[in-house]
Amino acid sequence: MHTIVLATQKGGSGKSTLAIGLARAAVDAGHTVRLIETDQQGTLSNWHARRNQAEPRVDTVYAAGDIAERLARLADEGVTLAIVDTAGGVGAATSAAIRSADLCLIPARPSIVDIEATAVTLAEVRRADRPFAFVLNQTPIRGQRLTGAAATLGEGALDIPDAVAQPFIVMRNDHQDALSAGLAVGEFAPSGKSAAEIRGLWSWIETRLGITAAMVPDNLTELPFATMPAVQPSADIFRFA
Ligand SMILES: Nc1ncnc2c1ncn2[C@@H]1O[C@H](COP(=O)(O)OP(=O)(O)OP(=O)(O)O)[C@@H](O)[C@H]1O
Ligand SMILES: [Mg+2]
């Protein structure tokens, strides 16, 4: 089983939205998926309650000491992918989840405030010595703010390749409307650009994890995704990381 953890101290950056979208994309790619919610805010549980189908299931695990054990049990039960959605901030449960991660995803909106806020989470991920990638979320389709953010995040993690996941996830109403309807974006608007971006992100994650997908969606290459631009890096905001 592989474990992906969505973590960043900044609220509203898209941890829960991406967890849900990626869960559905991974199901479509043939994985047996379980969402784990460590955030007592309950975004995933509330979403699941609005849903009319059980999969992907959501388990709540609030105690830091229970996370590793729960993940081990899920692996025994045949779950092939656990996606852990954590609370904003860096609490005990988030730290425990990070220690169990095969890949930590750190979502950030392309603003200096969000990018600065990733430093605390990045420091925690590095203390745990876990693989990680930033996910630029709620982005414009293009523009200097986006290219600058991607460059700054890439600069902050010079010791790893692929520090910024691809593609970027553009800000679109589909994400919010999907969650309102108890759906993942890939269910809400399967042929839309947001769904395609999330499938593309899942494909990137599979490659990064070295997973051979059971099934590969046939429409991944339909859209020209935003890609990592070649621009000059900006401020040294990772000095605390
Ligand atoms: N790419 C996107 N486009 C449009 N809206 C988005 C996108 N990603 C997230 N959102 C919206 O932004 C808001 C915050 O997202 P979300 O709840 O996933 O963030 P979070 O990091 O889990 O926040 P918290 O730290 O409070 O748990 C939600 O209303 C969500 O629907
Ligand atoms: Mg959340």
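Refer to the structure above for everything that follows.
Definitions and cut-offs
Residues numbered from 1 in each chain as written. Chains lettered and ligands numbered in written order. Predicted model: local features only at pLDDT ≥ 70, side-chain atom pairs only at ≥ 80, totals over all residues. Helix = DSSP H or I, 4+ residues; strand = E, 2+ residues; numbered from the N terminus. Buried ≥ 20, exposed ≤ 12 C-beta atoms within 10 Å, placed from the backbone. Contact = placed C-beta atoms within 7 Å. Core = buried A, V, L, I, M, F, W, Y, C linked by C-beta atoms within 7 Å. Near = placed C-beta within 6 Å. Nonpolar A, V, L, I, M, F, W, Y, C, P; charged D, E, K, R; others polar. Arc of directions from axis to C-beta. Pairing = 2+ DSSP bridges. Right-handed = clockwise from strand over helix to strand, strands pointing away. Axes fitted to C-alpha atoms, helices over the stretch in contact; angles between N-to-C directions. Parallel < 35°, antiparallel > 145°, perpendicular 65-115°, else oblique. Left-handed = near helix turned anticlockwise from the far one by under 90°.

Trainee: Account for the overall build of the chain, with residues named and values stated.
Mentor: When its secondary structure is counted, the chain shows nine helices and seven strands. Counting all 241 residues of the chain, 45% fall into the buried class. Within the chain, counting contacts between residues at least 6 apart in sequence, those at least 24 apart form 77% of the total.

Trainee: I'd like a rundown of the nonpolar core, residues and numbers included.
Mentor: Core analysis: the biggest nonpolar cluster contains 64 residues, and Leu22, Ile83 and Val135 have the highest contact counts within it. Here this core takes seven residues from helix H1 (residues 15-28), the largest share from any one element. Those residues in contact with Val135 that sit more than four places away from it in its chain are Leu18, Leu105, Ile106, Pro107, Ala165, Ile169 and Leu201.

Trainee: Break down the site of ligand 1 for me, with residues and values.
Mentor: Close contacts around ligand 1 come from 19 residues, with Gly11, Lys15, Ser16, Thr17 and Gly88 the closest. For the shell around ligand 1, a count of residues per class yields three nonpolar, 13 polar and three charged.

Trainee: Just give me the short version of helix H3 (residues 67-76), but keep the residues and values in it.
Mentor: Within H3, the full set of buried residues consists of Ile67, Leu71 and Leu74. When H3 is viewed along its axis, its buried side chains cluster within an angular range of 60 degrees and face the same direction. Every exposed residue of H3 that faces more than 90 degrees away from the buried side is listed here: Glu69, Ala72, Arg73 and Asp76. Where H3 is buried, its residues contact strand S1 (2-6), strand S2 (33-37), strand S4 (81-85) and helix H4 (92-99). One or two positions beyond H3, positive phi appears at Gly78, with a value near 100 degrees.

Trainee: Requested: an account of the pairing of S2, with residues and values cited.
Mentor: Across the five residues of S2, five count as buried, placing the element largely inside the fold. Across five bridges, the pairing between S2 and S4 is parallel. Residue pairing in the sheet places Leu35 in a bridge with Ile83 of S4. Two strands pair when backbone bridges link them, and S2 and strand S3 (residues 57-60) are joined in this way by four bridges, in the parallel orientation. Opposite Glu37, over in S3, you have Thr60 as the bridge partner. Handedness of the crossover joining S2 and S3 through helix H2 (residues 43-49): right-handed.

Trainee: Give me the packing of H1 against helix H9 (residues 193-209): which residues, what numbers.
Mentor: Relative orientation of the contacting elements H1 and H9 amounts to 70 degrees, with a least axis distance of 9 Å. One element, H1, and the other, H9, form an angle in the roughly perpendicular class. Within the contact between the two elements, H1 uses Gly21, Leu22, Ala25 and Ala26 and H9 uses Ile198, Arg199, Leu201 and Trp202. Partitioned by chemical class, the residues of the contact of H1 with H9 number six nonpolar, one polar and one charged.

Trainee: Go over unusual backbone geometry with me, naming the residues and quoting the values.
Mentor: Note the cis peptide between Glu55 and Pro56, where omega equals -10 degrees. With respect to the element layout, Pro56 can be found in the loop between H2 and S3. With an omega of -5 degrees, the peptide bond running from Gln166 to Pro167 counts as cis. Its location among the elements puts Pro167 in the loop between helix H6 (144-155) and strand S7 (169-170). For Asp129, which is not a glycine, the phi torsion comes out positive at approximately 55 degrees. Position of Asp129 relative to the elements: it lies in the loop between helix H5 (112-128) and strand S6 (132-139). Residue class for Asp129 comes out exposed when judged on the 7 C-beta atoms lying within 10 Å of it.

Trainee: Would you mind going over the environment of Val5 in detail, with residue names and values included?
Mentor: Positionally, Val5 belongs in strand S1. Taking the C-alpha atoms as reference points, Val5 and Ile106, 101 residues apart in sequence, are found 8.4 Å from one another. Sequence-distant contacts of Val5, that is, excluding residues within four places in its chain, are made with Val84, Thr86, Ala97, Ile98, Ala101 and Cys104.

Trainee: Please provide a residue-by-residue account of the packing of H4 against H5, values included.
Mentor: Interaxial distance between H4 and H5 falls to 9 Å at its minimum, and their mutual angle equals 50 degrees. Judged by the inter-axis angle, H4 sits oblique to H5. Relative to H5, H4 is oriented so that their crossing is right-handed. Along its contact with H4, which presents Ser95, Ile98 and Arg99, the element H5 presents Glu124, Val125 and Ala128. The class makeup of the residues in the contact of H4 with H5 is three nonpolar, one polar and two charged.

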